[in-house]
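Residues per chain, in single letters:
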Amino acid sequence: MAITVGVFGAAGRMGATVCRAVAEDPELELAAAVDPGAAGEPLRTVAGVESPLEVAGRPEHLDEHPQVMVDFTHLEAARANVAWCAANGVHAVVGTTGFGEDDLASFRAAFVDSNCLIAPNFAIGAILMMRFAELAAPWFETAEVLEFHHDAKLDAPSGTAMRTIERMAAANADWAPDPTTTEIVAGARGGAGPAGIRVHAVRMRGMVAHQEVVLGTTGQTLSIRHDSYDRSSFMPGVVLGCKRIADHAGVTIGLDPFLDLD
Ligand code: NAP
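Draft legend 1. The arrangement of the packing of aromatic side chains in detail. This model, assessed by the stated rule, comprises 3 aromatic pairs. Between Phe8 and Trp84, the aromatic rings sit 6.4 Å apart at their centres with planes inclined by 90°, giving edge-to-face as the arrangement. With Phe8 in strand β1 (residues 3-8) and Trp84 in helix α3 (residues 75-87), this residue pair connects regions lying 76 residues apart in the sequence. Given the relative accessible area of 2%, Phe8 is considered buried. Its relative accessible area of 9% is what places Trp84 among the buried residues. Here the aromatic rings of Phe99 and Phe107 are separated by 5.3 Å at their centres, their planes lie at 80°, and the arrangement is edge-to-face. Accessibility assignment for this pair places Phe99 and Phe107 in one class, buried.

Draft legend 2. The packing of helix α5 (residues 124-136) against helix α6 (residues 159-171), seen in detail. It is the contact of α5 with α6, at a shortest axis distance of 8 Å, that shows an interaxial angle of 25°. Compared by their axis directions, α5 and α6 come out roughly parallel. Helix-helix and strand crossings are classified by hand; for α5 and α6 the assignment is right-handed. Counting all contacts with α5, which are made through Met129, Met130, Arg131, Ala133 and Glu134, the residues of α6 involved are Thr160, Arg163, Thr164, Arg167, Met168 and Ala171. The residue inventory of the contact of α5 with α6, partitioned by class, reads 5 nonpolar, 2 polar and 4 charged.

Draft legend 3. Fine view of α5. Compared with an ideal rise of 1.5 Å per residue, which puts 13 residues at 18 Å, α5 spans 18 Å between its outermost C-alpha atoms and is within 8% of the ideal. What α5 keeps buried is the set Ala126, Ile127, Met129, Met130, Arg131, Ala133, Glu134 and Ala136. Contact partners of the buried residues in α5: α6, β9 (209-217) and β10 (220-228).

Draft legend 4. Region of interest: the side chain of His91. Along the chain, His91 falls in strand β4 (residues 91-94). Judged by relative accessible area, which is 15%, His91 ranks as buried. A distance of 2.9 Å separates a polar side-chain atom of His91 from the backbone nitrogen of Asn115.

Draft legend 5. Geometry of the layout of surface pockets. Considered as a void within the structure, the second largest pocket measures approximately 290 Å³ in volume. Surrounding the second largest pocket, 16 residues form its lining, Ala31, Leu53, Leu62, Asp63 and Glu64 being those nearest its centre.

Draft legend 6. A look at the sheet that holds β1. Strand order across the open sheet formed by 6 strands is β2-β1-β3-β4-β5-β11, with parallel pairing between neighbours. For this open sheet the edge positions go to β2 (28-34) and β11 (251-253), each flanked by a neighbour on one side alone. Between one strand and the next, the sheet's axes are offset by a mean angle of 20°, whatever the strand orientation. Note that strand β5 (residues 116-118) and β11 share 3 bridges and pair parallel. Residue pairing in the sheet places Leu117 in a bridge with Thr252 of β11. Contacts between helix α4 (residues 101-110) and the sheet are confined to β5 and β11, with β11 contributing the most and set at about 145° to the helix.

Reading guide: rules and limits
- Along each chain, numbering runs from 1 in the same order as the chain's sequence is written.
- Local features in this predicted model are restricted to residues of pLDDT 70 or higher, and side-chain atom pairs are both shown and tallied only at a pLDDT of 80 or more, whereas totals for entire chains, interfaces and linings draw on every residue.
- By convention in this description, side-chain values take in all heavy atoms of the structure and omit both hydrogens and water.
- Only the six-membered ring of Trp is used, alongside the rings of Phe and Tyr, when aromatic pairs are assigned; centres must lie within 6.5 Å, and planes under 30 degrees apart are stacked while those over 60 apart are edge-to-face, with the rest tilted.
- For helices the rule is a DSSP run of H or I covering at least 4 residues; for strands it is a run of E covering at least 2, with both sets numbered from the N terminus onward.
- Exposure is judged per residue with a 1.4 Å probe applied to protein chains only, and the accessible area is read against the type maximum: over 50% gives exposed, under 20% gives buried, and values in between give partly exposed.
- Between N-to-C directions, angles cover 0 to 180 degrees, with each direction set by a line fitted to C-alpha atoms, over the stretch in contact for helices.
- To sort the angles, those under 35 degrees are grouped as roughly parallel, those over 145 as roughly antiparallel, those from 65 to 115 as roughly perpendicular, and the leftovers as oblique.
- By definition, any crossing whose near helix is turned counterclockwise from its far helix by less than a right angle is left-handed, and any crossing with a clockwise turn is right-handed.
- Only heavy atoms enter the contact rule, under which two residues are in contact if any of them lie within 4.5 Å.
- Polar here means any residue other than Ala, Val, Leu, Ile, Met, Phe, Trp, Tyr, Cys and Pro, which are nonpolar, and Asp, Glu, Lys and Arg, which are charged; Gly is therefore polar.
- How far a helix is expected to stretch is found by multiplying one less than its residue total by 1.5 Å.
- Whenever a nitrogen or oxygen atom comes within 3.5 Å of another N or O atom, the pair is scored as a polar contact, on the condition that within protein one atom can donate a hydrogen and the other can accept it, and that pairs from neighbouring residues in sequence are kept only if both atoms are in side chains.
- We place a 1 Å grid over just the protein atoms. Points where a 1.4 Å probe fits but has no way out form a cavity, open points with protein on both sides within 12 Å along at least 5 of 7 lines form a pocket, and any residue with an atom within 4 Å of a point lines it.
- Grid points are joined across faces, edges and corners, and a volume is the space filled by probe spheres set on the points.
- Any two strands between which DSSP finds at least two bridges are classified as paired.

As structure tokens, then:
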């Protein structure tokens, strides 16, 4: 039996991509679509997917609840959508970014009859990049993180860059001090993250989401690079999340536990 999956934000850039990925996977069935901006429209036209479904304006309007709902919307909307999933025993697979500790605490209390995965980055290669950087960290004295994104990104550095540095800092707190005494252009050495690890945020037209972690020690450097070329890069992780969410009780932050990395 295929796992039934619904999509919040089905008319959005990520949501429509998720609709197509779910529809193409033989183990999943695209069973619901919610998006207030496209309420009443055929999913076929808003998401470019072969489906008889009509987009609902609110989850309360769904005739049947799918087993899993995927959310790539906006923070305020996602808070309500995730709460609806918890209240209705529906598993939630969430890519919307920006939740705070208070949100996570309320989700942990609310998910009793179903489970929730919140992953700030669904690209499996990016998850592995972070893991490899963490594994390498104790063996090097210097490291810097370069992240590259499209020129419409408003925040810097990226959440993935910060998470990478936090994990590297947790694996090695003892990095060599920055030797710079004169910075001719302010910011030339980037920003100092946890444990003083430097991060450089590049904003470039034509790029999507890319990151390179460079580590150095005596006579050698190690570069770990990941590139997301388009939104499809997130889909294998989203599909994996939908398939495995039932096996991960409560609230899981990050896709790592779904990849059996240890
Ligand atoms: P987007 O194109 O603006 O899509 C968001 C969609 O959600 C829009 O269609 C929006 O409709 C709809 N929406 C708003 N309120 C809703 C509600 N209450 N219920 C259902 N749908 C609602 O944005 P996007 O580029 O797809 O990105 C969405 C989110 O995903 C962002 O937070 C982004 O940071 C995140 N993201 C995460 C990852 C990851 O790997 N975790 C990767 C890429 C993006 P209206 O336009 O009518 O408001």
